[in-house]
Amino acid sequence: MKTQVCIVGAGPSGLLLGALLAKAGIDHVIVERQSADYVLGRIRAGVLEQVTTDLLVEAGVGERMQREGLVHDGFDLLFKGTRHRIDLRALTGGKVVTVYGQTEVTRDLMQARQAQQLPTYYEAQNVAIHGIDGESPKVSFRRGGVETEIECEFIAGCDGYHGVSRQSVPQRAIKTFEKVYPFGWLGVLADVPPVSHELIYANTERGFALCSMRSATRSRYYIQCPVDEPLEKWSDDAFWDELKLRLDPHARERLVTGPSIEKSVAPLRSFVAEPMRFGRLFLAGDAAHIVPPTGAKGLNLATGDVKYLSEALIEYFIEKREAGIAHYSSRCLSRVWKAERFSWWFTSLMHRFPESGEFGQKIQEAELDYLVGSVAASTSLAENYVGLPLQ
Ligand code: RFL
Ligand code: PHB
């Protein structure tokens, strides 16, 4: 089988790239290791920057998001028992974020793909990448007992942190940078109304907590926990009790609890692989970089990569110019490192680090005090949270 671009991975990066290529008339296929239901079952991001919502609209899949997405023009920082509002709209000259789950973004992209009958190979086993340093790379896999090989001009590695794409680059050609945090996030999804109409990021002596949502009737909550925490230790009641201890009295009183519909622990990591292109292979999204979720940047960085990659491929195939391809990696990385810095900083500010003790807690509280009291400092937070502009 032959195509122009073979996309490995049908997460949000791969599906969005597919939608943009299809719109430009570029032939492509997607190869995904899991089933479509498995991909839809992963509960992840919730906050979309304007860059992401604009791109979803451009790709023709923004309609439901525009109808059902919740526009947020601020969020609360909670520390020393009191909440302080960060007014995103006022501090950034009108910018906002949209709360719309990654699951829904993925569902919209999958449905549009199905309607256009674009080829996606789910449940592909032994996916392997060949010949990326030559002119005609290939992707091979096994599906339903049949071996398949796809010949293409470019491969887009959109297969996440554990995918095969990054691992196919020779070690001498790639440099990685990594920081692993000594804690994780225990997340719960529940069909209860959110405790507040905006997100609450809480710094407490018991550790970080985040109150988020998916809709007026579905809430998403997280608490900082040891990374190797066995899930059995956290009954729903134990989770709600601990969350309450990390909230202010007003929120504690308002919190509606109920049975969880999903519960999982996510490790926190900062990671970047450089460069993001090797020969005919491009890395995009989590395949190239990971941020801790505190800044809500992961999915938004992924969509930024996809925008640059789709532009580069459209330039190559339609306008016969190679500049976009040559600059893809450096264009992405300049944005990626700024988001890495922000996510690391916000994570460091909001979490309890075992080694820094009471002194560390006091320093964090002083910085938070400064942050909410200084227009300069809160503007910088807001500017990064709504997303830096694409260059
Ligand atoms: P994904 O979503 O991991 O998709 C990769 C796909 O590739 C498939 N795959 C393979 N396919 C073929 N062959 C192989 N060998 C393969 N290996 C893997 C996988 O099955 C999968 O379907 O990467 P992608 O598309 O780059 O998307 C990235 C985002 O998923 C990620 O950055 C965000 O979820 C991060 N994130 C958040 N980002 C935000 O922008 N805002 C948020 O509020 C936010 N909250 C979060 C988050 C991530 C979290 N976790 C669990 C890490 C909250 C959490 C808790
Ligand atoms: C979420 O709703 O899942 C969410 C929101 C904000 C974050 C991380 C995750 O910073």
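Throughout, a residue's number is its position along its own chain's written sequence, starting from 1. Written order decides the labels, with chains lettered from A and ligands numbered from 1. Per-residue local features of the predicted model are confined to residues with pLDDT of at least 70, and side-chain atom pairs are confined, for both listing and counting, to 80 or more; whole-chain, interface and lining totals are unaffected and use all residues. Hydrogens and waters are ignored; side-chain quantities use all the structure's heavy atoms.

Trainee: An account of the pairing of strand 15 (residues 209–213) is needed here, citing residue identities and associated values.
Mentor: Any residue under 20% of the maximum accessible area for its type is buried, any over 50% is exposed, and the rest in between are partly exposed; the area is computed with a 1.4 Å probe on protein chains only. Put simply, DSSP marks the helices as runs of H or I at least four residues long and the strands as runs of E at least two long, and each gets a number from the N terminus on. For strand 15, the buried fraction is high: 5 of the 5 residues fall into the buried class. Here strand 15 shows a buried face lined by A209, C211 and M213 and a second buried face lined by L210 and S212. Pairing between two strands is assigned when DSSP locates at least 2 bridges connecting them. As judged from the 3 bridges shared by strand 14 (residues 200–203) and strand 15, these two strands associate in the antiparallel manner. Opposite I200, over in strand 15, you have C211 as the bridge partner. Connecting the antiparallel pair strand 14 and strand 15 is a turn made up of 5 residues, with G207 showing a positive phi of about 120°. Pairing of strand 15 with strand 16 (residues 219–225), which is carried by 5 bridges, proceeds in the antiparallel orientation. In the sheet register, S212 faces strand 16, and the bridge partner there is R220.

Trainee: Tell me about the pattern of salt bridges, and please be specific about residues and values.
Mentor: Any Lys or Arg side-chain nitrogen found within 4 Å of a carboxyl oxygen on Asp or Glu counts as a salt bridge. Across all of its chains, the model carries 29 salt bridges by this definition. Notably, a salt bridge pairs R85 with E198, separated by 2.7 Å at the nearest N-O pair. Highlighted residues: R85 in strand 6 (residues 82–86) and E198 in the loop between strand 13 (175–190) and strand 14, separated in sequence by 113 residues. Taking the relative accessible area as the measure of exposure, E198 reaches 6% and is therefore buried. Linking R246 and E242 is a salt bridge whose minimum nitrogen-to-oxygen distance equals 2.8 Å. Each member of the pair, R246 as well as E242, is classed as buried. Through salt bridges with shared partners, a single network forms among E63, R64, R67, E68, E104, R107 and D108.

Trainee: An account of the domain arrangement of the chain is needed here, citing residue identities and associated values.
Mentor: Accessible area lost when the parts come together is the quantity often used to give the size of an interface. Boundary definitions for the domains trace back to an automatic or database domain assignment. By the assigned domains, the chain splits into domain 1 (5–45 + 102–177 + 269–346) and domain 2 (180–268 + 351–381). For domain 1 and domain 2, the distance between their C-alpha centroids amounts to 31 Å. Every contact between the two is made by 13 residues of domain 1 and, on the other side, 16 residues of domain 2. Across the domain 1 to domain 2 interface the summed buried area is about 1,300 Å²; carbon plus sulfur atoms make up 63%. On inspection of domain 1 and its partner domain 2, the count reaches 0 salt bridges. Here a polar contact is recorded for every N or O atom pair within 3.5 Å, except that within protein the pair must consist of a potential hydrogen donor and a potential acceptor, and residues adjacent in sequence are included only if both atoms are side-chain atoms. Taken together, the connections running from domain 1 to domain 2 amount to 4 residue pairs in polar contact (both at pLDDT 80 or more). Only strand 17 (260–274) and helix 10 (323–350) provide two or more residues apiece to the side of domain 1 that touches domain 2. Element by element, the count of residues in the side of domain 1 that touches domain 2 is highest for helix 10, at 4 residues. Of the residues that constitute the side of domain 1 that touches domain 2, the class distribution is 9 nonpolar, 2 polar and 2 charged. The criterion used for residue contact is that any of the two residues' heavy atoms lie within 4.5 Å. Using a 1.4 Å probe, buried area is obtained as the accessible area two parts lose upon being combined, added over both of them. Note that Gly is not counted as nonpolar here; it falls among the polar residues with everything else outside the nonpolar set of Ala, Val, Leu, Ile, Met, Phe, Trp, Tyr, Cys and Pro and the charged set of Asp, Glu, Lys and Arg.

Trainee: With reference to specific residues and values, describe the site of ligand 1.
Mentor: A cutoff of 4 Å decides nearness: a residue is near a molecule or strand if any of its heavy atoms lies inside that distance of it. Around ligand 1, the surrounding shell holds 32 residues, and the nearest of these are E32, R42, Q102, D286 and L299. Note that an oxygen atom of ligand 1 is positioned 2.7 Å from one of the side-chain N or O atoms of R42. G298 has a polar backbone atom sitting 3.2 Å from an oxygen atom of ligand 1. Exposure was quantified through the Shrake-Rupley algorithm and a 1.4 Å probe, taking into account, for residues, occlusion by the shown protein chains and nothing else. For ligand 1, whose free accessible area comes to 1,000 Å², the fraction covered by protein is 90%. Those elements that place two or more of their residues in the shell around ligand 1 are helix 1 (12–23) and helix 9 (298–319).

Trainee: Can you tell me about the packing of helix 10 against helix 12 (residues 375–386), naming the residues and giving the values?
Mentor: Contact geometry for helix 10 and helix 12: axes closest at 10 Å, N-to-C directions at 125°. Overall, the two elements helix 10 and helix 12 adopt an arrangement that is oblique. Crossing handedness for the pair helix 10 and helix 12: left-handed. Residues R341, F342, W345 and F346 of helix 10 form the contact with helix 12, whose participating residues are L381, N384 and Y385. Structural elements are reduced to axes, namely lines fitted to C-alpha atoms, with helices fitted over the stretch in contact, and the angle between N-to-C directions of any two is expressed from 0 to 180 degrees. Working rule for angles: under 35 degrees goes down as roughly parallel, over 145 as roughly antiparallel, 65 to 115 as roughly perpendicular, anything else as oblique. Two helices that cross are described as forming a left-handed crossing if the nearer one is turned anticlockwise from the farther one by less than a right angle, and a right-handed crossing if clockwise.

Trainee: Any chance you could break down the site of ligand 2 for me, citing the residues and the numbers?
Mentor: In the vicinity of ligand 2 lie 14 residues, with Y201, S212, R214, Y222 and P293 positioned nearest. The contact in question runs from an oxygen atom of ligand 2 to an N or O atom on the backbone of R44, over 3.3 Å. Across the complex, the protein chains shield 96% of the 280 Å² of accessible surface that ligand 2 would expose by itself. Mapped onto the shell around ligand 2, the elements with two or more residues apiece are strand 15 and strand 16. A per-class count over the shell around ligand 2 returns 8 nonpolar, 3 polar and 3 charged. Shared between two domains, the shell around ligand 2 holds at least three residues of each, these being domain 1 (5–45 + 102–177 + 269–346) and domain 2 (180–268 + 351–381).

Trainee: Please set out the sheet that holds strand 2 (residues 28–31) residue by residue, giving values where relevant.
Mentor: Backbone-to-backbone hydrogen bonds join strands into a sheet, with any given pair of strands oriented parallel or antiparallel. Pairing is mixed in the open sheet, where 6 strands are placed in the order 8-2-1-12-19-18. A strand with exactly one partner marks an edge of an open sheet, and here the two such strands are strand 8 (120–121) and strand 18 (277–278). Of the pairings in the sheet, the one linking strand 18 to strand 19 (residues 281–283) comprises 2 bridges and is antiparallel in character. Bridge pairing in strand 19 links F278 to L281.

Trainee: Please provide a residue-by-residue account of the sheet that holds strand 6, values included.
Mentor: Across the sheet, which stays open at both edges, the 8 strands sit in the order 6-5-14-15-16-13-17-20 with mixed pairing between neighbours. The outermost strands of the open sheet, each flanked by one partner alone, are strand 6 and strand 20 (289–290). Here strand 5 (residues 75–79) runs beside strand 14; their pairing, made up of 4 bridges, is parallel. From the neighbouring strand, D76 faces strand 14, where its bridge partner is I200. Where helix 7 (residues 236–245) meets the sheet, it contacts strand 13, strand 15, strand 16 and strand 17, and its direction lies at approximately 80° from that of strand 16. In the packing of helix 11 (residues 357–373) onto the sheet, contacts are made with strand 5, strand 6 and strand 14, and the angle to strand 5 comes to roughly 145°.

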